[in-house]
Amino acid sequence: MTPAVNQMPEEHYLNSTYGIRSWLLTTDHKRIALLYLASVTFFFFIGGIFATMIRIHLLTPTGYLVTPETYNKLFTMHGVAMIFFFLIPSIPAVLGNFLVPLMIGAKDLAFPKINLLSWYIYLLGGSFVLYSFATGGLDTGWTFYTPLSSVYSNSAVTPALIGIFINGFSSILTGLNFVVTIHTMRAPGMTWFRLPLFIWAQYATSIIFILGTPVIAITLLLAALERAFHLGFFNPALGGDPILFQHLFWFYSHPAVYIMILPAMGVISEIIPTFARRPIFGYTFIAASSIAIAVIGFFVWAHHMFLTGESTYAALAFSLLSYLVALPSAVKVFNWTSTLYKGSIAYDTPMLYSLGFIGLFLIGGLTGLFLACLGLDIHIHDTYFVVAHFHYIMVGGAVMGYVGGIHFWWPKITGKLYPEFLARVAAVTLFVGFNLTFFPQFILGYLGMPRRYHNYPPEFQVLNVMSTAGASILALGYLLPMLYLTWSMRYGKVAGRNPWPATGLEWRTPSPPPTENFDETPVVDWEPYDFKNRPDLGLATPTGPTLAPAHGDD
Amino acid sequence: MQAQLPFSPEQASNFAPSVDTLMAFLILVSLFFAVAITAAIVIFFFKFRRKSEHEVGVPIHGDLRLETLWIVIPGFLALAMFGWGAVVYVDFRHPPPDTLDIYVIGKQWMWKVQQPNGRREINELHVPTDRDVKLILASEDVIHDFYVPAFRVKMDVVPGHYNTMWFRPTKAGRYHFFCSQYCGTNHAVMGGWVTVMDPSDYAAWLSGSSGAESPLVAGEKLFTEKACVTCHISNGTGRAPSLNGVYGGTVRLADGSTVTADESYIRESILVPSAKIVAGYQPLMPAFQGQLTEEQILSLTAYIKSLQSQPIPATGAGVVTTGKK
């Protein structure tokens, strides 16, 4: 790094125009990414407050803080805020929006106005959900199982369902925008197999957005209609089938897990080769595994329903398919680990997040095998084992990827460097705090503590107190980056074009980039993550034998 | 039987040792991969540290043999996990013959239990050791789930469906049961205790019953009160088929298909008779949807099940082949 000679560019996307209108009516994908950054951070904050209250409440067996009604609302609203309004849009709408055009050498997304529209749709959907939270709350669980949600619940279910229904269009439009952009707007020389793996991950995610989201939209609409007009889709008293709701719900909501984790995997696939300074191991396998996860992910939904009374044959088929979808994830982990081999490894903050991601995703993924196992699911289904498992995937995986990605591209987004030492401390704090919070929950689950319990038998208290103690460390790990990243926007050192250095196109333009992204359309004549043939990076020529011919047999 | 895993509940049913052994297998496989990958990361972390600012790594792009290896080996391990898990699950989903049948009804936020002789319990369940017990589960409102950690089994309790679950208690004692499907405000207190007793103690406990009607007797009364008996005449001369021998047998329907007369079929035929019309009969029966409580439906079902051993008339039988053993 040579910060001494770096200067901020005179004009860039942040200062090219001024005023609130220039932001609220912008069609610049980079500014829209920042609008999303602010709004998903807001929902993360809300969901985080609910989570904090949950953990404090569970300090004692009889419940420490709130009434049962309030507790049920807390975990429901925590789930709805975090899943639909933070995790699903986080990486695609923030980092994806910012990076997809930059990484493929385009000036913007294919439909800049639709991109802005999707943010407004997100805000509208979010307003309905906040209205539900503020006027009676929501106590159905984020899964909205019928007939509890459609008949029995006394909380503000309908506005929440409408909010999530509206928000779905935001996902669909973002997905369409990405697919069209990646197909039609790649720079000369940017062939499909020269695309950064982050782009492959965004592409796979977009496919799920487009194919899956309409299903959840219509499902929640049917539940809302049943609630409002007693139409009898799911209520057995009116001739409906409550299990049908679960099939429709999970047909989207299981692939939605891959919406959360695939983009994070894309982030990790960018960071690891950068800080190991060598090509990623098995590029085509990592790219293909993203597509495989997106496709197979649509055929595993009923593994959430092994104990609803579904037929034994269905259970066998869905268990087998669930093991099948685990293989492409395993392939990624093996390839990332192999990328470290004979690298030149630096432990900058994004790399710490990536290594942390591998560790936590590994535990999350392996415990998924336990839940896919029919004979174990009859014991651990709907216990804290499940809670621990999906937090390892969604928080340990997706959020670590997101925060790691924010750090990695922060110099590009703001033109400034964050304080490195503090950032490393925060990364380690997050990793330790996360494990202390959620590992005890695996044990609680195997001991038999069901999820969504506002009180519990006294023998479960020790593990619950441990979990709450861990959560306080975890909270610190989230607050630190919010503080120093904000601080660095004004006071951070100037980053320069390519501080790491990394090989992607986004690093060939000034930081922050100009509104048009590139002064002239870039031409790509190098393979992805190829440090050897990039004299412009100012690195040494690698020594030692080339063990495999450059890119072709992998 | 094998040693108990640390951090696991007591083993009190036939399923507990098999679930725990399966768990041990998955933990071993997972530990192997977790340790191997973590070790690789830690070793690479130190061995391949960047030594100078401009150093670059060795450009290795991949290796087809390695990729094949780490797809095929985990693939076989996954198949082993799937197969072993399937064996336990299929066993759990198929109750053996001659079970002790206990009716369990979930409603917001309590469990009502009825023993075969009619003895009722609330949030308590008494079962004998070394006897195959089958719970027939019904819900009066939302979806619940009956879960006994010490038995390692659970099953959803779904309104409009019957689900069944079975287990063989192996160890006397008192164990928690929970509702493990979120069901609204007091979900967390919708639980109770399973008391597993020696068979003689169980028999003594059962005979200390308050003299409540057994489901069978209650069902027989209902069969007359609700006028079922006026059409379903046992000698087959009524406007509806005789129900003798129906339970467990095969019934031919008006559209030519056949169906096995299990608890769910009987339930549906009471609540929505038009759903499946027996061949040769008119759709005359009124629907009882919303007319009967879950307990009444269970009692009627118990009575119809008891007709399994009655002589089947030559004509007017509802059943084509019986399920009698």
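The text that follows walks through the structure, step by step, so that each part is easy to find. Fair warning: this is a prediction, and the values are worked out from it, not measured in the lab.

On to the overall build of chain A, then. Of the regular secondary structure elements, chain A holds 15 helices and 0 strands. Relative to the 2.2 N^0.38 estimate, which gives 24 Å for 554 residues, the radius of gyration of chain A is 23 Å and therefore close to what a compact globule would have. Projecting the C-alpha coordinates of chain A onto the three principal axes gives extents of approximately 70 × 50 × 45 Å. A burial count over chain A gives 61% of its 554 residues as buried. Restricting to contacts in chain A with at least 6 residues of sequence separation, those with at least 24 account for 83%.

The secondary structure content of chain B amounts to 6 helices and 12 strands. Seen along its three principal axes, the alpha-carbon backbone of chain B occupies a region of about 95 × 50 × 40 Å. Put simply, chain B has 325 residues, and 38% of those count as buried. Contacts in chain B between residues far apart in sequence, at least 24 positions, make up 69% of those at least 6 positions apart.

Once that is clear, we can look at the sheet that holds strand β5 (residues 133-139) of chain B. All names here are of chain B. Strand order in the open sheet formed by 5 strands is β3-β2-β1-β5-β8, with mixed pairing between adjacent strands. The open sheet has two edge strands with one neighbour each: β3 (120-122) and β8 (163-167). Adjacent strand axes in the sheet meet at a mean angle of 25° when their direction is disregarded. Pairing analysis gives 3 bridges linking strand β2 (residues 110-114) to β3, with the strands arranged antiparallel. Residue pairing in the sheet places Q114 in a bridge with R120 of β3.

Looking now at the packing of helix α6 (residues 157-184) of chain A against helix α7 (residues 197-229) of chain A. Residues and elements named next belong to chain A. Following both chains from N to C, one finds α6 and α7 inclined at 155°, their axes separated by 8 Å at the closest point. With respect to α7, the element α6 is oriented roughly antiparallel. α7 is crossed by α6, and the crossing has left-handed handedness. Among the residues forming the contact of α6 with α7, the class breakdown is 21 nonpolar, 8 polar and 1 charged.

This brings us to the sheet that holds strand β9 (residues 173-179) of chain B. Backbone-to-backbone hydrogen bonds pair the strands of a sheet. The strands run either parallel or antiparallel. All names here are of chain B. Strand order across the open sheet formed by 5 strands is β4-β10-β9-β6-β7, with mixed pairing between neighbours. Each of the sheet's edge strands pairs with one partner strand only, and the pair in question is β4 (124-128) and β7 (153-157). Looking at each pair of strands side by side, their axes are set apart by 25° on average, direction ignored. Relative to β7, strand β6 (residues 144-148) runs antiparallel, the two sharing 5 bridges. Looking at the pairing, D145 lines up with D156 of β7. In the packing of helix α3 (residues 199-207) onto the sheet, the strands contacted are β4 and β10 (192-197), and the crossing angle to β4 comes to about 130°.

In this section: the packing of helix α11 (residues 349-372) of chain A against helix α14 (residues 420-447) of chain A. Axis angle and axis distance: for two packed helices, these are the angle between their axes and the distance between the axes, and together they describe the pair. All names here are of chain A. In contact at an axis separation of 9 Å, α11 and α14 are set at 10° when each is read in the N-to-C sense. When the axis of α11 is compared with that of α14, the two are roughly parallel. Here T349, L352, Y353, G356, L360 and T367 of α11 come into contact with α14, specifically with E420, A423, R424, A427, V428, F431, F434 and F442. By residue class, the composition of the contact of α11 with α14 is 9 nonpolar, 3 polar and 2 charged.

All names here are of chain B. Two elements, strand β1 (residues 100-107) and β5, share 7 bridges in a ladder whose sense is parallel. Its bridge partner lying in β5, V104 is registered against L137. Linking β1 to β2, which pair antiparallel, is a turn of 2 residues.

Among the structural elements, V148 of chain B can be located in strand β6. Residue V148 of chain B is classed as buried on the basis of its C-beta count, with 30 C-beta atoms lying within 10 Å.

Residues and elements named next belong to chain A. When you line up the elements, Y13 lands in the segment before α1 (20-24). By the C-beta count within 10 Å, which is 21 here, Y13 ends up buried. Here the alpha-carbon distance between Y13 and A423, two residues 410 residues apart in the chain, equals 26 Å. Look past the residues within four positions of Y13 in its chain and what remains in contact with it is D28, K30, R31, P512, P513, P514 and T515.

Another aspect to go through is the interface of chain A and chain B. At the interface, 84 residues of chain A touch 77 residues of chain B. When residues of the side of chain A that touches chain B are assigned to their parent elements, the largest contribution, 13 residues, is made by helix α10 (residues 312-339) of chain A. Among the residues forming the side of chain A that touches chain B, the class breakdown is 53 nonpolar, 22 polar and 9 charged.

Here we come to unusual backbone geometry. Residue and element names in this part refer to chain A. In the segment running from T146 into P147, the intervening peptide bond is cis, with an omega of -5°. Mapped onto the fold, P147 is located in the loop between α4 (112-134) and α5 (148-152). Geometrically, the link from S511 to P512 is a cis peptide bond, its omega value of -10° lying close to zero. As for its position among the elements, P512 is in the segment after α15 (461-491). If you check the backbone angles, H230 has positive phi at about 55° while not being a glycine. Position of H230 among the secondary structure elements: in the loop between α7 and α8 (242-276). Judged by the 12 C-beta atoms lying within 10 Å of it, H230 is exposed. Within the chain, R452 stands out as a residue other than glycine whose phi angle is a positive 60°. Note that R452 resides in the loop between α14 and α15.

Residue and element names in this part refer to chain B. Along the chain, A203 falls in helix α3. Residue A203 is classed as exposed on the basis of its C-beta count, with 12 C-beta atoms lying within 10 Å. The sequence separation of A203 and V58 amounts to 145 residues, and the corresponding C-alpha distance is 76 Å.

Reading guide: rules and limits
Residue numbers restart at each chain and count upward from 1, following the sequence in its written direction. Note on labels: chains are lettered from A, ligands numbered from 1, in written order. Reporting of local features is limited, given that this is a predicted model, to residues whose pLDDT is at least 70; pairs of side-chain atoms are given and counted only at 80 or more, and all residues count toward the totals for whole chains, interfaces and linings. By the criteria applied, helices consist of DSSP H or I runs no shorter than four residues and strands consist of E runs no shorter than two, each listed in order from the N terminus. The reference for a compact globule is 2.2 Å times residues^0.38; the radius of gyration itself is calculated from the C-alpha atoms. Our exposure labels follow a C-beta count within 10 Å of each residue's own C-beta, placed from the backbone: buried means 20 or more other C-beta atoms, exposed means 12 or fewer, and partly exposed covers the counts in between. For the purpose of contact definition, each residue receives a C-beta atom placed from its backbone, and two residues are in contact when these atoms lie within 7 Å. Any two strands are treated as partners once DSSP identifies two or more bridges connecting them. Axes here refer to lines fitted to C-alpha atoms; in helices the fit is confined to the stretch in contact. Angles between the N-to-C directions go from 0 to 180 degrees. Roughly parallel refers to an angle under 35 degrees, roughly antiparallel to one over 145, roughly perpendicular to one between 65 and 115, and oblique to any angle outside these ranges. Whether a crossing is left-handed or right-handed is set by the direction in which the near helix is turned from the far one by less than a right angle, anticlockwise for left-handed and clockwise for right-handed. Classification convention: Asp, Glu, Lys, Arg as charged; Ala, Val, Leu, Ile, Met, Phe, Trp, Tyr, Cys, Pro as nonpolar; all other residues, Gly among them, as polar.

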